[in-house]
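Each chain is listed here by its residues.
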Amino acid sequence: MTPAKILISACLLGHAVRYDGKGKPLCHPAIDRWREEGRLVTICPELAGGMSVPRPPAEIENGMTGADVLAGRARVVEITGGDVTEEFVAGAHRALEFAQANGCTHALLIDGSPSCGSGFIYDGSFGGNRHAGNGVTAALLAKAGITVCSDRQVDELEALIGAT
Ligand code: SF4
């Protein structure tokens, strides 16, 4: 059986791709093992959508979610007022294409991001207010049948993929 492939947020592997020019490396023995086994497929959806580093922080407006953005009901806006909806949607589609081209059945994405968040995102006020919901990429991947786990769910992901 082909080992399960996992799409992973580039910043979780320490790549300096976040809005603030930093990474957010996650240390977990399963991630080291998956890397050695060649299971990890790395992408930063925001860079894939044309954003640069550093960039202003962005949130999905009005307490909406990634699904709302994909449906055209909400925008992604920067703290400086810029509308980056098009870039975030493009990045989500590039991430899905990349995941499918590489046979990814699962994704491990960092929580809280307007792209990669899967457990929570921020409400668009830039006041640090969280609410449950997916970012744009996480929503598109889940809609396509890819199992999305957050960086707080590595153990769950390990159990899900088991020995595959
Ligand atoms: S889009 Fe995802 S991979 Fe890129 S910096 Fe944000 S959380 Fe990390």
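One numbering rule holds for all chains: residues counted from 1, following each sequence as written. Reporting in this predicted model follows two pLDDT cut-offs: at least 70 for local features of residues, and 80 or more for side-chain atom pairs to be given and counted; totals over whole chains, interfaces and linings ignore these cut-offs and use all residues. Derived side-chain values reflect all non-hydrogen atoms in the structure, with water molecules and hydrogen atoms excluded from consideration.

Draft legend 1. The nonpolar core, seen in detail. With 45 residues, the main nonpolar core has Leu7, Trp34, Val76, Leu108 and Leu141 as its most contacted residues. Helix numbering and strand numbering both begin at the N terminus, where a helix is a DSSP run of H or I of at least 4 residues and a strand a DSSP run of E of at least 2. Tallying contributions element by element places helix α4 (residues 85–101) first for this core, with five residues. Buried Ala, Val, Leu, Ile, Met, Phe, Trp, Tyr and Cys residues that are joined via side-chain atoms within 4.5 Å together make up what is termed a nonpolar core. Partly exposed describes any residue whose relative accessible area lies between the buried limit of under 20% and the exposed limit of over 50%, with all areas from a 1.4 Å probe on protein chains only and scaled to the type maximum.

Draft legend 2. Highlighting the environment of Ala107. Within the secondary structure, Ala107 sits in strand β5 (residues 104–109). Take Ala107: its relative accessible area is 0%, and that puts it in the buried class. The contacts of Ala107, once residues within four sequence positions are left out, are Ile6, Leu7, Leu141, Ile146, Thr147, Val148 and Cys149. Here, residues are in contact when the closest pair of their heavy atoms is within 4.5 Å.

Draft legend 3. Molecular detail of the site of the ligand. Near residues are defined by distance, with any heavy atom within 4 Å of the molecule or strand qualifying the residue. If you check the shell around the ligand, you find 14 residues, and the closest are Cys11, Cys44, Glu46, Ile110 and Cys116. Per-class residue counts for the shell around the ligand are eight nonpolar, three polar and three charged. Each residue is assigned to one of three groups, with Ala, Val, Leu, Ile, Met, Phe, Trp, Tyr, Cys and Pro labelled nonpolar, Asp, Glu, Lys and Arg labelled charged, and all others, Gly among them, labelled polar.

Draft legend 4. The arrangement of the sheet that holds β5 in detail. One open sheet holds the four strands; their spatial order is β2-β1-β5-β8, and the pairing between them is parallel. Bordering the open sheet on either side are β2 (40–43) and β8 (147–150), each of which pairs with just one other strand. Direction aside, the axes of adjacent strands within the sheet are offset by 25° on average. Two strands pair if DSSP finds at least two bridges between them. As defined by bridge partners, strand β1 (residues 5–9) adjoins β2 across four bridges and the pair is classed as parallel. Bridge pairing in β2 links Ile6 to Leu40. Fitting a line to C-alpha atoms yields each axis, with helices limited to the stretch in contact; the angle taken between N-to-C directions then spans 0 to 180 degrees. In this fold α4 packs onto β1, β2 and β5, with an angle of close to 160° to the strand it touches most, β2.

Draft legend 5. Quick look at helix α1 (residues 29–36). Residues of α1 that are buried: Ala30, Ile31 and Trp34. Relative to the axis of α1, the buried residues are bounded by an arc of 100° and lie together on one face. Of the exposed residues in α1, those oriented more than 90 degrees away from the buried face are Pro29 and Glu36. Looking at the buried side of α1, the elements it contacts are β1, β2, β5 and α6 (154–161). Positive phi shows up at Gly38, right after α1, with a value of about 75°. Note: the arc covers the axis-to-C-beta directions of the helix.

Draft legend 6. Region of interest: unusual backbone geometry. Cis rather than trans, the peptide bond between Val53 and Pro54 has omega equal to -10°. Among the structural elements, Pro54 can be located in the loop between α2 (45–48) and β3 (58–60). Phi at Phe126 takes a positive value of approximately 55°, unusual for a residue other than glycine. Turning to its location among the elements, Phe126 is positioned in the loop between β6 (120–122) and β7 (130–132). For Phe126, a relative accessible area of 26% puts it in the partly exposed group.

Draft legend 7. Structural detail: the pairing of β1. Here β1 lies mainly inside the structure; four of its five residues are buried. Here β1 runs beside β5; their pairing, made up of four bridges, is parallel. Counterpart to Leu7 in the pairing with β5 is Ala107. Running through α1, the crossover from β1 to the neighbouring parallel element β2 is right-handed. The path from the first strand over the helix to the second decides the hand: if it runs clockwise while the strands point away from the viewer, the crossover is right-handed.

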